Amino acid sequence: MSAVPREKVSLRASIKPGEIQVASVFKGYGDARFRTTVVKDCSFTIERSKLTVMIGPSGCGKSTLIRLLAGFERPDSGSITLNGAAVTGPARDRLVLFQESALFPWMTTWDNILYGPRARGELTRESVDLAEFLLNKVGLAQFRKKYPMQLSGGMQRRAELARAMINNPAVMILDEPFRGLDAMTKELMWEYYSRLFEETRRTNFFITTDIDEAIFLADRLLIMSNIPTQVRATIEIDVPRPRTQLALVENDRANEIKMQALSILHEEAMKSFSRGSKAAADFVEAYSKRVSKS
Amino acid sequence: MSAVVASAAAQPRRPREAWWRHPAVRAVISIAVFLAVWELASRLNWPWIGQAPAPSKVLDAWIPLLSDQGYWYSWYQSSRRVLSGFLAAMIIGIPLGLAMATSRMFHDVSFPVFEILRPVPPLAWVPAAIIFWPTQELSIGFVIFLGAIYTIMLNVIGGARSIDGRFFQAARSMGSSNWDIFRRIILPGVLPSIVVGMEVGIGITWNVVVAAEMISGGGGAIQSRAGGGLGFFIWNSYIGFSYPLIVVGMISIGIAGWISSAIIRRLGILVTPWLRLR
C-alpha cells in the first residue's frame, strides 16, 4: 500500500465537481382530467463540492425528482442545468445509485468496479490504479475476486459506490442507498461514505427519509414538502467534519437542527394526514413520542 | 465433577451421518429395488408387466454384447449423431434466440413461424427429412437437430427477457455502447438459461434418436444386428423378436442420456461460477 499517496493525488486531480440548478420545475402524470402534479414550481441548487441531502416524507415525489435529474424523464416546464448546460438525457456525468443493488452478478468485485472504464475503452494504468485505490478505500481489497452474491448487503453497497466513483461523475446522485441495511451496518456505511466524500469533495446529492442519516451526512439539508413537492426549508448543517454518531448525539447544534427539521416534517405530515394519508399518521405518532422523550 | 468432565470429553465425537442418508447409497438402493420388483414380476408372470423380459434375461443378452464391436459401434454412431445434431441446434438456436430477444422487429417477424413449427413432433418430420436431405446421415442429424433447437431457443429468449432492467440502466449510464451491453450484460445474463436449455435439449435428442435412426436402416450395417446406432438397434431387435435386446437398447440409451446430461451439468457449473458460490 506504499503507492497510496500517489494514487490519492490522481484521484483528487481527476475530479471535476459540477453544480446543478433546478429552476421552477413542474412535472405531472396522467392525462388532463386526472392529472396529478408531483413536482410543482420546484427550485433549488445542488452546490458544487457539497453534500446536499434531501429529506421528505415517503411518496413526496423525491424519486420523480431523481428521474428528472438523471435525465430518464424531462420536466413539463422549468429547467435543469448542470454547470449551465441543460440536462437532456442520461449520461455518466450524473451517475445514480439506486435503492437496490445493481452490481452485475456475473462479475467479480474487481470487474464490477472496472466496468465503466472498460465500457468506454479507457482501461489505462491510471484507471487500474484508481480501481485499486477505491477498492482499498471501501475496505474490499480481500474481496476483489468475490462475486456480488458472496458479499454482504453493506459490502455490495460499498462496491457499488466504488463502481460509480471510478467514472468521475460531476455529480453523484444517491436514492436512499442504505435503505434496508440493518442499523449497525447503516452507521458503518455513513462513515465510509462521508470519508469518501470528505476526501474527494465531489458534488453529491443524497436522498433519504432518515433524519439521523441526513444530519450525519449533509452540508446542506433540503426539507421537502408533501406532494406536490417543493423545497420547504434549507438548513446549512454547520457541524464540523469528520462527524461521528457519538459526537452528534451530544452536539447541541446538531440536536437543534434535528428538532427544527422534525418540526417542519411534522407540519408536512399533519397536512397530508388531514388529507387522509395513513403513512403520515405513522409519522405523526412517531414524532410525538420522540419529542416527549427528549 | 469428574463424571461431568468425562462426559464432556466424550462429547466431541461428531454425529456421523447415517450411511443410508448418502445420496449415492440411496441411488443404489432405488435401482436395486426397481430391478428386484421387475425380476419378481417377470418370474411370477404378473399381468402386463410380467410380459417384459426379466432383468436376468436382459443381463444374459447384454454380457456377450459387451465384447461385441458392433454394439459399441452403435454407441459411437448414436453419440456422433446426437452430438452433431445438438451442436447444430446450438450454433443456430442460440444466435436466433438472442436475435429474437434483442430485436423487437426480428421477434415480431419470426416468432409466429417459430410457434407454428414448434409443436410439430420430430417424428412427424421423418418422411420430410428423408425427402429433403440428400444423404441418410443428414436426414438423421436434421431430426435430432429439430428435437433440441426449440428448447434451446425458448430458454435463450426467456433468459434474455428476464435480465433485470437495472443492469441495462446502470451499464448505459456508465457509458456502455450497444455492443458492450450485448457482450457484457446480455451474454453472461443469458448463460444460465443456455445451460438449462442445453441440459433439457440433450435429453430430447436422445428421446428422438430412435425415430431418427429408423431412417438409417442400419447406416450401412444392416447385416449385423448392431452397428446402426442404438435407436436402430432397438428397432432391429423388435423386428427380430429379441425382446431382451430391446431392453438392452433402451437401457443403453438411458445411460447415454444420463452421461450426456451429467457432462453438460458439469460444463454449466464451470461457465457460470457466480451461481455455485452462495
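Shown above is the structure to which this text applies.
Residues numbered from 1 in each chain as written. Chains lettered and ligands numbered in written order. Predicted model: local features only at pLDDT ≥ 70, side-chain atom pairs only at ≥ 80, totals over all residues.

### Remarks on the overall build of chain B
Next up, step 1: Of regular secondary structure, chain B possesses 12 helices and 0 strands.
Next up, step 2: When the helices and strands of chain B are read in sequence order from the N terminus, they spell out α-α-α-α-α-α-α-α-α-α-α-α.
Next up, step 3: Put simply, chain B has 278 residues, and 34% of those count as buried.
Next up, step 4: Nonlocal contacts in chain B, meaning residues at least 24 apart in sequence, comprise 69% of its contacts between residues at least 6 apart. (Helix = DSSP H or I, 4+ residues; strand = E, 2+ residues; numbered from the N terminus. Buried ≥ 20, exposed ≤ 12 C-beta atoms within 10 Å, placed from the backbone. Contact = placed C-beta atoms within 7 Å.)

### Description of the overall build of chain A
Next up, step 1: Across its full length, chain A holds 11 helices and 10 strands.
Next up, step 2: Taken over 294 residues, chain A has a buried fraction of 41%.
Next up, step 3: Long-range contacts, defined as pairs at least 24 residues apart, comprise 71% of the intrachain contacts of chain A with a sequence gap of at least 6.

### Some words on the sheet that holds strand E4 (residues 77–82) of chain A
All names here are of chain A.
Next up, step 1: Pairing within the open sheet is antiparallel, and its 4 strands lie in the order E2-E1-E4-E5. Every other strand in the sheet has two partners, leaving strand E2 (36–46) and strand E5 (85–86) as the edge strands with one partner each.
Next up, step 2: The pairing of E4 with E5 spans 2 bridges and is antiparallel. Residue pairing in the sheet places Thr 81 in a bridge with Ala 86 of E5.
Next up, step 3: Contacts from helix H2 (residues 62–70) reach strand E1 (20–29), E2 and E4, with the element oriented near 120° to E1. (Pairing = 2+ DSSP bridges. Axes fitted to C-alpha atoms, helices over the stretch in contact; angles between N-to-C directions.)

### Details of the nonpolar core
Next up, step 1: Counting 131 residues, the largest nonpolar core has Leu134(A), Ile173(A), Leu221(A), Val143(B), Ile144(B) and Val156(B) as the members making the most contacts within it.
Next up, step 2: Considering each element in turn, this core owes the most residues, 15 residues, to helix H9 (residues 178–214) of chain B.
Next up, step 3: Val143(B) has contacts with Pro122(B), Trp125(B), Val126(B), Ala129(B), Val208(B), Ala211(B) and Ala212(B), leaving out every residue within four places of it along the chain. (Core = buried A, V, L, I, M, F, W, Y, C linked by C-beta atoms within 7 Å.)

### Things to note about the pairing of strand E7 (residues 171–175) of chain A
Where a strand is regular, its side chains alternate between the two sheet faces.
Residues and elements named next belong to chain A.
Next up, step 1: A large share of E7 lies buried, amounting to 5 of its 5 residues.
Next up, step 2: Judged from the 4 bridges that link them, strand E6 (residues 94–97) and E7 form a sheet pairing that is parallel. The residue of E7 that forms the bridge with Val 96 is Ile 173.
Next up, step 3: Pairing of E7 with strand E8 (residues 203–208) involves 5 bridges; the strand directions are parallel. When the bridges of E8 are listed, Ile 173 appears paired with Phe 205.
Next up, step 4: Note on the crossover from E7 through helix H7 (residues 183–200) to E8: the handedness is right-handed. (Right-handed = clockwise from strand over helix to strand, strands pointing away.)

### Focus on the packing of H9(B) against helix H10 (residues 230–239) of chain B
Residues and elements named next belong to chain B.
Next up, step 1: Interhelical geometry of H9 versus H10 gives an angle of 65° and a closest axis separation of 7 Å. If you check the angle between H9 and H10, you find them roughly perpendicular. Relative to H10, the crossing made by H9 is right-handed. Here H9 contributes Val 209, Val 210, Ala 212, Glu 213 and Met 214 to the contact with H10, which in turn contributes Leu 230, Gly 231, Phe 232, Ile 234 and Trp 235. (Parallel < 35°, antiparallel > 145°, perpendicular 65-115°, else oblique. Left-handed = near helix turned anticlockwise from the far one by under 90°.)

### Looking at the interface of chain A and chain B
Next up, step 1: In this complex, chain A contributes 18 residues to the contact, which on the side of chain B involves 15 residues.
Next up, step 2: Listing elements by their share of the side of chain A that touches chain B, those giving two or more residues are E6 and helix H4 (115–119) of chain A.
Next up, step 3: Looking at the side of chain A that touches chain B element by element, the count peaks at 3 residues for H4(A).
Next up, step 4: Here the side of chain A that touches chain B is composed, by residue class, of 12 nonpolar, 3 polar and 3 charged. (Nonpolar A, V, L, I, M, F, W, Y, C, P; charged D, E, K, R; others polar.)

### Let's talk about helix H8 (residues 165–173) of chain B
Next up, step 1: Of the positions making up H8(B), those classed as buried are Phe167(B), Ala170(B), Ala171(B), Arg172(B) and Ser173(B).
Next up, step 2: Considering only its buried residues, H8(B) is in contact with E6 and H4 of chain A together with H9 of chain B.
Next up, step 3: Where H8(B) ends, the next residue or the one after it, Gly175(B), has phi of about 100°, a positive value.

### Remarks on helix H6 (residues 153–165) of chain A
Residue and element names in this part refer to chain A.
Next up, step 1: Taking 1.5 Å of rise per residue, 13 residues should cover 18 Å, and H6 covers 19 Å from first to last C-alpha, within 8% of that figure.
Next up, step 2: Within H6, 11 of the 13 residues are buried, which leaves it mostly tucked inside the rest of the structure.
Next up, step 3: Buried positions along H6 lie against E6, helix H3 (109–113), H4, helix H5 (125–137), E7 and H7. (Expected span 1.5 Å × (residues − 1).)

### Observations regarding the packing of helix H4 (residues 69–102) of chain B against H10(B)
Residues and elements named next belong to chain B.
Next up, step 1: Two elements in contact, H4 and H10, have axes whose closest approach is 7 Å; the angle formed by their N-to-C orientations is 125°. Comparing their axes, H10 and H4 come out oblique. Within the contact between the two elements, H4 uses Ser 74, Trp 75 and Ser 78 and H10 uses Leu 230, Gly 231 and Phe 233.
Next up, step 2: Classifying every residue of the contact of H4 with H10 by side-chain character gives 3 nonpolar, 3 polar and no charged.

### Brief notes about the environment of Ala27(B)
Next up, step 1: Note that Ala27(B) resides in helix H2 (residues 23–43).
Next up, step 2: Sequence separation between Ala27(B) and Thr272(B) is 245 residues; the distance between their C-alpha atoms is 27 Å.

### Points about unusual backbone geometry
Next up, step 1: For the peptide bond that leads from Arg241(A) to Pro242(A), omega is -10°, which places it in the cis range.
Next up, step 2: Tracing the sequence through the fold places Pro242(A) in the loop between strand E10 (231–236) and helix H9 (245–250).
Next up, step 3: Even without a glycine there, the phi angle at Asn45(B) is positive, about 55°.
Next up, step 4: Note that Asn45(B) resides in the loop between H2 and helix H3 (55–65).

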